[in-house]
Amino acid sequence: MNASPSQTKHDLQTRSERQLQVAQALSAVLPRHAVLWNAEDTTPYECDGLTAYRERPLAVALPETYAEVQAVLKTCHALDVPVVARGAGTGLSGGAMPHKLGVTLSLARFNKILKLDPVSRTAVVQGGVRNLAISEAAAPFGLYYAPDPSSQIACTIGGNVAENSGGVHCLKYGLTVHNVLKVKGFTIEGEEVEFGSDALDAAGYDLLSIIIGSEGMLAVTTEVTVRLVPRPQLARCIMASFDDLRKAGDAVAAVIAAGIIPAGLEMMDKPMTAAVEDFVHAGYDLSAAAILLCESDGTPEEVGEEIGRMSEVLRLHGASAIAVSQNEAERLRFWSGRKNAFPASGRISPDYMCMDSTIPRKRLADILLAIAGMEKKYSLRCCNVFHAGDGNLHPLILFDANDPGQLQRAEAFGAEILETSVAMGGTITGEHGVGVEKLNSMCVQFSVQENEQMFGVKRAFDPKGLLNPGKVIPTLNRCVEYGKKLVRGGQLAHPDLPRF
């Protein structure tokens with residue numbers, strides 16, 4: 001039922017009054033230029049990389065000191081105002097989408113590298129430091145920060161902590177959780193908290209592993225201590241072409257089964273390679289049904305031996321062509337297409353929705369064939385790029401939001417990919433997080449009891465539920481309504497899955 005004109009007017013008046021109250025309260029603890037609340041100033045913050053969902057906050061706070069962050073949180077807690085922390089806004093699940101009656105807390109000005117210790121191979125950085133900036137600062141010491149999301153030129157370490165980001169080299173070097181020693185920040189009440197330690201272990205519960213990947217629901221990250229690793233003496237990349245998706249998928253599993261852990265093992269299907277080749281001219285085989293990028297790094301002797309072993313495995317499992325980078329420029333060219341998969345997709349479609357799920361490696365071909373069927377079902381195109389080594393999928397569903405119905409079909413398409421991933425023994429996210437995008441899919445993967453346990457953790461940190469509310473964990477009512485909707489619409493691809 002639509003709201004009556006009088007109700008709408010009342011709601012607008014209430015929002016306006018609340019906005020003025022919040023802006024005045026924030027202006028009392030921040031410089032005036034650090035509080036944005038006019039529509040033209042807050043609109044740039046209305047979404048993150050998931051542009052299909054937008055909301056303007058009451059206000060945006062731009063603190064520059066830890067004391068100011070603490071003051072903002074204490075103010076919002078006292079007023080019962082929701083807070084959504086934001087870094088660079090490159091997230092792809094709507095995790096940084098504002099709350100319409102809340103404050104967006106920008107950490108963009110916390111962009112300093114506080115300490116870099118080449119002896120202990122660690123760096124202490126503020127939450128707004130760009131991922132790539134850490135490696136650039138460590139380069140003179142022969143070190144770098146290993147997790148390398150495709151958005152590493154822009155994404156911040158605080159956002160990486162929130163989503164437990166990975167990257168093309170996560171197979172060998174791990175995700176954010178494997179490369180962070182300590183996280184500092186504040187609770188919604190403004191209490192200073194610290195997770196982990198500078199040592200190899202910390203006393204008590206392993207709360208560091210809870211805060212990493214918590215999507216801004218438990219605390220606001222202001223400072224992170226990361227591990228640095230030595231830059232390898234040499235890195236070489238194999239580009240292998242396959243004329244059949246199943247052969248490519250089987251080859252991925254065979255490489256791992258052979259006891260080889262490549263520095264990177266990525267897969268792209270034919271539509272994806274066509275899109276990126278037209279964009280960056282990486283030299284990809286446009287006739288291949290799929291290509292694999294397999295990288296080895298280490299000493300020259302290690303790399304030579306591993307490249308030989310991987311090449312043999314790939315040939316045995318049906319590679320129709322194999323090229324090995326002969327120098328650093330060629331290696332970077334091979335990777336340039338994979339690193340630019342998202343912007344390349346933006347060139348061929350007005351909009352795209354980048355999904356993120358994880359499946360067992362042996363099911364790579366199965367999920368690709370299933371997605372091909374979904375393209376016909378929803379009358380939408382899909383380009384696929386995978387962190388194949390750990391089974392992390394990134395299907396990019398192409399659509400036009402200006403065409404009525406396409407967004408809804410894209411959402412249904414994405415939900416079926418996630419549901420199918422769970423049915424194949426996987427999970428609904430690998431590194432992008434749940435945010436607002438995958439709330440319904442959480443109902444498919446987890447039972448009511450399991451979701452309630454997650455709520456229990458959140459309540460322990462945030463009793464009022466003010467930090468990034470309405471995201472990540474679905475309510476019981478939401479799951480029940482989603483279950484009814486699927487049953488009514490006959491949309492269950494796997495009727496045995498839902499746990500409503």
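Just so it is clear, the model here is predicted, and its values are computed rather than measured.

Enquirer: Before we go on, may I ask you to explain the sheet that holds strand E10 (residues 220–227) in this structure?
Expert: Note: strands within a sheet are paired through backbone hydrogen bonds, in either parallel or antiparallel orientation. The 5 strands lie next to each other as E5-E6-E10-E8-E9, forming an open sheet whose pairing is antiparallel. The outermost strands of the open sheet, each flanked by one partner alone, are strand E5 (113–117) and strand E9 (192–196). Taking the axes of each pair of neighbouring strands and ignoring which way they run, one obtains an average angle of 10° across the sheet. Note that strand E6 (residues 122–126) and E10 share 5 bridges and pair antiparallel. Within E10, the position partnered with Gln126 by the bridge is Glu223.

Enquirer: How should I be thinking about the packing of aromatic side chains in this particular structure?
Expert: One pair of aromatic rings is described through two measures. These are the centre distance and the angle between the planes. Tallying each qualifying case throughout the model produces 5 aromatic pairs. Considering the side-chain rings of Tyr66 and Phe110, the 5.6 Å spacing of their centres and the 10° angle between planes classify their relative orientation as stacked. Residue Tyr66 is found in helix H3 (residues 66–79), and its partner Phe110 is found in the loop between strand E4 (103–106) and E5; the two are separated by 44 residues along the sequence. Assessed through its relative accessible area of 29%, Tyr66 is described here as partly exposed. On the basis of an interplanar angle of 75° and a centroid distance of 6.3 Å, the ring pair of Tyr144 and Tyr173 is categorised as edge-to-face. Of the two residues, Tyr144 is situated in strand E7 (residues 143–144) and Tyr173 in helix H6 (residues 170–173); the sequence distance between them amounts to 29 residues. Taking relative accessible area as the criterion, Tyr144 reaches 12% and is therefore assigned buried.

Enquirer: Sorry if this is basic, but what is going on with the layout of surface pockets here?
Expert: Empty space among the atoms becomes visible once a probe the size of a water molecule is rolled across them. Taken as a whole, the largest pocket spans an internal volume of roughly 690 Å³. Around the largest pocket sit 41 residues that line it, and Thr90, Gly91, Gly159, Asn160 and Glu163 are the ones nearest its centre. Those elements that place two or more of their residues in the lining of the largest pocket are strand E3 (83–86), helix H5 (157–163) and E10. Residues that form the lining of the largest pocket fall into these classes: 14 nonpolar, 21 polar and 6 charged.

Enquirer: I would appreciate a short explanation of the pairing of strand E13 (residues 264–269) in the present structure.
Expert: Along any regular strand, the residues point their side chains to alternate faces of the sheet. Counting buried positions along E13 yields 6 of 6 residues, so the element is predominantly enclosed. Judged by which residues are buried, E13 turns out to be covered on both faces: Gly264, Glu266 and Met268 on one side and Leu265, Met267 and Asp269 on the other are all buried. Pairing geometry for E13 and strand E14 (residues 290–298), over 6 bridges, is antiparallel. If you follow Met268 over to E14, its bridge partner there is Ile291.

Enquirer: Explain the nonpolar core here, please?
Expert: Note that soluble globular proteins tend to have their nonpolar side chains buried in a common cluster. Core analysis: the largest hydrophobic core is formed by 76 residues, its most contacted members being Val226, Met267, Leu292, Leu314, Ile397 and Phe413. In terms of nonpolar packing, the next biggest core, distinct from the first, is built from 27 residues, Ala34, Val103, Leu466 and Leu467 among them.

Enquirer: Quick question: what am I supposed to make of the sheet that holds E3 here?
Expert: The sheet built from 4 strands is open, its strands ordered E1-E2-E4-E3 with mixed pairing. In this open sheet, the two strands that pair with only one neighbour each are strand E1 (35–36) and E3. Of the pairings in the sheet, the one linking strand E2 (residues 59–61) to E4 comprises 3 bridges and is parallel in character. Residue pairing in the sheet places Ala61 in a bridge with Leu105 of E4. H3 contacts E2, E3 and E4 of the sheet and is inclined by roughly 165° relative to E4.

Enquirer: What is the right way to read the pattern of salt bridges from this model?
Expert: Side chains carrying opposite charge are able to pair once their charged atoms draw close together. By the definition in use, this model includes 21 salt bridges. Note that Glu64 is salt-bridged to Arg109, the shortest N-O span being 3.1 Å. Taken together, the positions of Glu64 in the loop between E2 and H3 and Arg109 in the loop between E4 and E5 put the pair 45 residues apart, joining distant regions of the chain. Residue class for Arg109 comes out partly exposed when judged on its relative accessible area of 31%. Here Lys458 ties to Asp462 by a salt bridge, and the two come within 2.8 Å at their closest N and O atoms. Assigned by exposure class, Lys458 and Asp462 land together as buried. One salt-bridge network, in which partners are shared between bridges, spans Arg246, Arg363 and Asp366.

Enquirer: Would you mind going over helix H4 (residues 131–138) with me for this structure?
Expert: Every α-helix winds through 3.6 residues per turn, so residues three or four apart in the chain are directed the same way. Within H4, the full set of buried residues consists of Asn131, Ala133, Ile134, Ser135 and Ala138. Those residues of H4 that are buried are in contact with E5, E6, E7, H5 and E10.

Enquirer: What exactly am I supposed to notice about the pairing of strand E12 (residues 234–242) here?
Expert: Judged by how many residues are buried, E12 sits mostly within the fold: 7 of 9 residues are covered. Relative to E14, E12 runs antiparallel, the two sharing 9 bridges. The residue of E14 that forms the bridge with Ala235 is Asp297. Examined bridge by bridge, E12 and strand E15 (residues 319–324) share 5 bridges and lie antiparallel to one another. From the neighbouring strand, Ala240 faces E15, where its bridge partner is Ile322.

Enquirer: Honestly, the side chain of Asn392 in this entry has me stumped. Any pointers?
Expert: You can see Asn392 is positioned in strand E19 (residues 392–399). For Asn392, a relative accessible area of 3% puts it in the buried group. There is a polar contact of 2.9 Å between the side chain of Asn392 and the side chain of Asp356. Reaching out from Asn392, the side chain makes a polar contact with the backbone oxygen of Ser357 at a distance of 3.0 Å. Asn392 has contacts with Asp356, Ser357, Thr358, Phe386, His387, Gly430 and Glu431, leaving out every residue within four places of it along the chain.

Conventions and cut-offs
Residues numbered from 1 in each chain as written. Predicted model: local features only at pLDDT ≥ 70, side-chain atom pairs only at ≥ 80, totals over all residues. Heavy atoms only, no water. Pairing = 2+ DSSP bridges. Helix = DSSP H or I, 4+ residues; strand = E, 2+ residues; numbered from the N terminus. Axes fitted to C-alpha atoms, helices over the stretch in contact; angles between N-to-C directions. Phe/Tyr/Trp six-rings, centres within 6.5 Å; stacked < 30°, edge-to-face > 60°. Buried < 20%, exposed > 50% of the residue type's maximum accessible area, 1.4 Å probe, protein only. 1 Å grid on protein atoms, 1.4 Å probe; cavity = no way out; pocket = protein on both sides within 12 Å on 5 of 7 lines; lining within 4 Å. Points joined across faces, edges and corners; volume = space filled by probe spheres on them. Nonpolar A, V, L, I, M, F, W, Y, C, P; charged D, E, K, R; others polar. Core = buried A, V, L, I, M, F, W, Y, C linked by side-chain atoms within 4.5 Å. Contact = heavy atoms within 4.5 Å. Salt bridge = Lys/Arg side-chain N within 4 Å of Asp/Glu carboxyl O. Polar contact = N/O pair within 3.5 Å; in protein donor to acceptor, adjacent residues only side chain to side chain.

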